[in-house]
Amino acid sequence: MIRRLPTGLALGALAVLGASAAAQDAWVIRAETIYTAAGDPIAGGHVRVEKGKIASVGSGPGSGANVLEAAAVTPGMIDLSARIGTTELSVEQSTETAAELSVVEAIDFFSFRWDRELRSGVTAVLVSPYDNDVIGGLAAVVKTGGPPTLEARLVKEAAALRAAIGSQPSAGNRTPRGAPPSSFYFRRPTTRMGVEWVLRKAYWDAIQAAERGEADTDPHVRARHEVLRRTIRGELPVIVDAWATQDIRTAIFLKEEFQIPRLIVDGAAEAWREPELLARAGLGVVLPPHVFTGRTREEAFFAWDCAATVEELGLPLALSAHGARDFGARLDRQAGFAMRGGLPFAAALASVTIHPARMVGVDDRLGSLEVGKDADVLLWNGTPFEATSAVIGVLLNGELVLDPRAAAGQ
Amino acid sequence: MQTTAKRLAGRLAAHAALPAALFAISLSSAASAAPAGDKLVIQAGRIVTQAGPDILDGVIVIENGRITAIGPSSEVEKPWDAPVLGGPELTAFPGFVEAQTSDGMDRPNENLDVAPFLDIADSVDPVAYYFEDCLRWGITTVNIQQGNDCVVAGQGMIVRPVGLTIEEMVVRPRFGTKIAVAPKRGKSRATQLQVLRAAFDDLRRYLEELVQKERDERGYAAREALFQGRDLEGEENQGRTMGGTAWKVDGLDLIPRGAIDEKMAPLLEIVEGRRPVFLYCGAAMDVPHALAVARENGFLARTTLLIDPSCWKASDLIAEAGVPVILDGDQMHVRRNPVSGEEEETFVPGVLKEKGIRFALSSQNANTNSLWYQAALAVGKGLTRQEALDAVTKVPAEILGMGPEIGSLETGKLGNVLLLSGDPLRVTTWVERVVIEGREVYDRAKDVRNKHLLEGKQPPGTAAEAAEHDEGGETDEAKDKGDAKDQDEDKK
């Protein structure tokens, strides 16, 4: 977006501003309601932003020179499953359990899709390796805007370990016929059983290696074991792609067998089916985009009250839009759909801000409007998540990247 | 029409084995339980009339299918013998109007390039889930036209989404014709336009030949018609000078109207300006060609453009032609800038509004089937609430020539009323009840499929259970039929 000139925009197009067009390091944002995601909403309040951080939040107009106004203000949204930045091309072929690899080496910061996330109000995402390996590697939290470099955008490098169960990791894998089974061309596993076995073997190996001592182990393998053991010690959450009930169950049994304290199921469309099991396991839940027919991947049925059900269980809940192209299906709309399914407003707000931030351990910087946190702030033209409201302004790291004054003239 | 009914009856008998049919039947039996002619009083805490200020604590009286009184509860006299529906917690709103769709058809497209003689009535499946969904989302009037993959399509129809036969559903039979300027599959734009122009040339040549033969041999047309077994009675026996504003064939008054080949008659109606045309443009470059064909053949005044979002780039031409449009698909046109590689978004209704073009939104959209959602999104992006609501009620009603009948709640209009749990554009609002022409046709409390979508609950023996065919507990026969249906849908 730095390359784009501020003039010459298409008629009526919403465009993210060039950084140079609004190089102010202090803003005062006034709104009828401030939703901080850290306590009750503030009526008639302000958020003051200085040097990329939030300097004050409170009632009254606040003071300062550069004033922006909006109907409502919320923290920037966070999508733990934006499915952005990596493709099948970044799937490691040499192993099915690439726990030691970090996705940061493979993120494409020049993709046009970052801009799409940013202008729809998603200011940070968890980037995970593509789900063709059983254990894909370490996922990272990055900002969706700013200079297109890792240094500028990285929030947390090893934020979670990505794994996948279900049919995706074995999709396309063939059983060896007429060639040596050891051939490079026959990827395994080929079934759900095999996927689960690979995952359990990886954990078993890591535990065994610790008991045995790893002095003689290959350093790469040792690093892989260490990542898996960190997840057992609870230092690192595991985020597992699991849509249907059978896969959610597999995730739960895995969690219980290896006593993994922080396990998040992603795409958990059928989380509503067995709420007792979910509550017993204490999973974090990331839901996929709502569909009007209820049919999602892996033949999983995504009931509209799923978000509300998970919320009632008291489990950490995050919503996701999977990088939707359609502006009627992005993350702000997903929160609205969840409300249509019975999720209260406050929980809907938390599920796109503070909950996902906590789930991957970046709540010290992101997820709510509190003094000292990153100044990732959204300005809305109405009550957030209502279908009649839209994000009209975005501040990222205190910089105005979508100007609400431009939208007003639309 | 008789054969259609027979075929439908046969199809329904086949469906009777399916639990899926149960739900459809229960819906329509509710409809037939209260025959038109009965009176109905609707009460609502708030009535959004779309024809003036909202009415608080209001009452709508419907008699013989039409609204006979509407106003505050204290002022309107309620017939003592009418059942009462609704309550103070509900909001009343006129039924949404679907300006154009191909949903509800068994399959939406036709192999023949030019087929204006076909009738959509033969293709509409009254038990299609689509019509259930219409009620669930509050759509009470649907204009069904053939799919966009055509040159000159068959004759469409306006229906109400309730009934077990096409006769029960029909509001306006043989209404409108779709013509596509964007190429049909397998055609280039050049061949598409050639075939389209040739269709009107063929009509002209046919009429000229008919007149010539009539002049050579008096009574030729009538004898030909009688030979083909057609009756020439009443008005059909009359010749008329050719109407319309474009080209004319002299001497057409010599030909009894009933003697004109029925394969050609609908095109003649188009040229004479007696038949609405839905002209599909798949890209901005189609718009000038579409307008030219409409002008050359005299149907511009009866034309509604059905536009792909990318057609906003031709909005000056559309505004100049003064035709209304139906937006087909997403409201936000998204394209990659070829120079910077970045994505640019254009809010199409905003452009149409700015250019003074009358437009209707449609629910043919990847993520939703509902007009309320389309209207709400448009408000978020800059339309006023009234403009957005009009684009899914009044404007489509006018486009369909039903402005005096539907689109708002006023005395004399049809009694098509939604009872909503809240404001029509709030994200948490549900359609609680639907009344079409004074008959209650939908009650959310009895909607098992909605319960399934919302809560995942599948009451045994219901459509919802049969639809989710990966679950156990259904007969093999039902499963086979369910799979066949899925395959049909895949083909679309």
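Use the structure listed above.
Residues numbered from 1 in each chain as written. Chains lettered and ligands numbered in written order. Predicted model: local features only at pLDDT ≥ 70, side-chain atom pairs only at ≥ 80, totals over all residues.

> How do you make sense of the sheet that holds strand β2 (residues 42-50) of chain A when you look at a structure like this?
The strands making up a sheet associate through hydrogen bonds between their backbones, and the pairing can be parallel or antiparallel. Residues and elements named next belong to chain A. A sheet is described by the order of its strands in space; here seven strands give the open sequence β3-β2-β1-β4-β13-β14-β15, paired in mixed fashion. Of all the strands in the sheet, just β3 (53-59) and β15 (399-402) have a single pairing partner and so form its edges. Strand after strand, the sheet turns through a mean of 35° between neighbouring axes, direction not considered. Here strand β13 (residues 377-380) pairs with strand β14 (residues 391-396) via four bridges, running antiparallel. Following the sheet pairing, Leu379 is matched in β14 by Gly393. (Pairing = 2+ DSSP bridges. Helix = DSSP H or I, 4+ residues; strand = E, 2+ residues; numbered from the N terminus. Axes fitted to C-alpha atoms, helices over the stretch in contact; angles between N-to-C directions.)

> Mind showing me how you'd approach the environment of Lys201 of chain A here?
All names here are of chain A. Within the fold, Lys201 resides in helix α3 (residues 192-212). Take Lys201: there are 13 C-beta atoms within 10 Å of it, and that puts it in the partly exposed class. Remark: the alpha-carbon pair of Lys201 and Arg174, spanning 27 residues in sequence, is separated by 20 Å. (Buried ≥ 20, exposed ≤ 12 C-beta atoms within 10 Å, placed from the backbone.)

> Even after reading the chapter, I still don't get the pairing of strand β3 (residues 66-72) of chain B, so can you show me in this structure?
One face of the sheet, then the other: side chains in a regular strand alternate in exactly this way. Residue and element names in this part refer to chain B. Here strand β2 (residues 55-63) runs beside β3; their pairing, made up of six bridges, is antiparallel. Across the sheet, Glu63 pairs through a bridge with Arg66, a residue of β3. Between β2 and β3, which pair antiparallel in sequence order, lie two residues; one of them, Asn64, sits at a positive phi of approximately 50°.

> Hey, could you run me through the pairing of strand β4 (residues 84-94) of chain B in this one?
In terms of strand pairing, strand β1 (residues 39-47) of chain B meets β4 of chain B through six bridges, oriented parallel. Residue pairing for β4 of chain B: Gln43 of chain B is matched across the bridge by Gly86 of chain B.

> Would you explain the nonpolar core in this entry?
Soluble globular proteins tend to pack their nonpolar side chains together in the buried interior. Counting residues in hydrophobic clusters, the biggest one holds 261 residues, and the most contacted among them are Val73 and Val240 of chain A together with Ile42, Ile60, Ala92, Leu279 and Ala375 of chain B. In terms of residue count, the dominant contributor to this core is helix α11 (residues 371-380) of chain B (eight residues). With residues near it in sequence (within four places) discarded, Ile60 of chain B still touches Ile42, Ile47, Ile67, Ile70, Ala92, Leu409 and Val417 of chain B. (Core = buried A, V, L, I, M, F, W, Y, C linked by C-beta atoms within 7 Å. Contact = placed C-beta atoms within 7 Å.)

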